[in-house]
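Summary of structural features
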Amino acid sequence: MRALAAAGLDRIGWIAAGLAALDRGEDLPEPFDDEGRAFDRLFTDPSVPRTLVPAPGGGNDDALQQAMALPALPAAAGPDPLRAALEALAHAAVTWGGARQELFAQARAQLPG
C-alpha cells in the first residue's frame, strides 16, 4: 500500500501484519480494530519513523507523514471496494504531500484502458 510505504510504515512489524491480513482478505488485527489504539501505538512505538511533510490544505504548518498514512490501512479494508479504494487513495495523497501528482499518475497507469 503506497501510503504506508511512502511513510516507511510497511517495515514496522505490527503494521506489516495488518497489510498481510488485508492482502489475505482477513479482518485487520489489533490495534486496527480501534483507531485510538492504533494512533497511540503509532505515536509510542520507537521504531516508527517521524517525517514531517507539508500539511494538507497548503498551510504553513507541517504534519507527521506517518499519522496521515496510518488511516489508509483501515480505509482500504472497508466493506465497499470503491469507497475503500478512494479513501485509501485520499490518505495516500496527503501522505505523499507535494509528490501526490506522481502518485495520481501511478494510480492512473493501473486503471484499465
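Here, every reference points to the structure presented above.
Residues numbered from 1 in each chain as written. Predicted model: local features only at pLDDT ≥ 70, side-chain atom pairs only at ≥ 80, totals over all residues. Heavy atoms only, no water.

1. Comments concerning the pattern of salt bridges
- If you walk through the whole model with that rule in mind, you get 6 salt bridges.
- The salt bridge involving Asp10 is made with Arg11; its shortest N-O contact spans 4.0 Å.
- On the basis of relative accessibility, which here comes to 29%, the residue Asp10 falls in the partly exposed class.
- Judged by relative accessible area, Arg11 falls into the exposed class, the value being 66%.
- Arg37 is the partner of Glu30 in a salt bridge, and the nearest nitrogen-oxygen pair spans 3.8 Å.
- What makes Glu30 partly exposed here is its relative accessible area of 46%.
- Ionic contacts of the salt-bridge type, sharing partners, join the residues Glu30, Asp33, Arg37 and Arg41 into one network. (Salt bridge = Lys/Arg side-chain N within 4 Å of Asp/Glu carboxyl O. Buried < 20%, exposed > 50% of the residue type's maximum accessible area, 1.4 Å probe, protein only.)

2. Points about helix α3 (residues 35-44)
- Within the span of α3, buried status applies to Ala38, Phe39 and Leu42. Burial along α3 is one-sided: seen end-on, the buried residues are contained in an arc of 95 degrees. Counted as exposed and oriented over 90 degrees from the buried face of α3: Asp40 and Thr44.
- Here the buried face of α3 lies against α2 (13-24) and α4 (65-69). (Helix = DSSP H or I, 4+ residues; strand = E, 2+ residues; numbered from the N terminus. Arc of directions from axis to C-beta. Contact = heavy atoms within 4.5 Å.)

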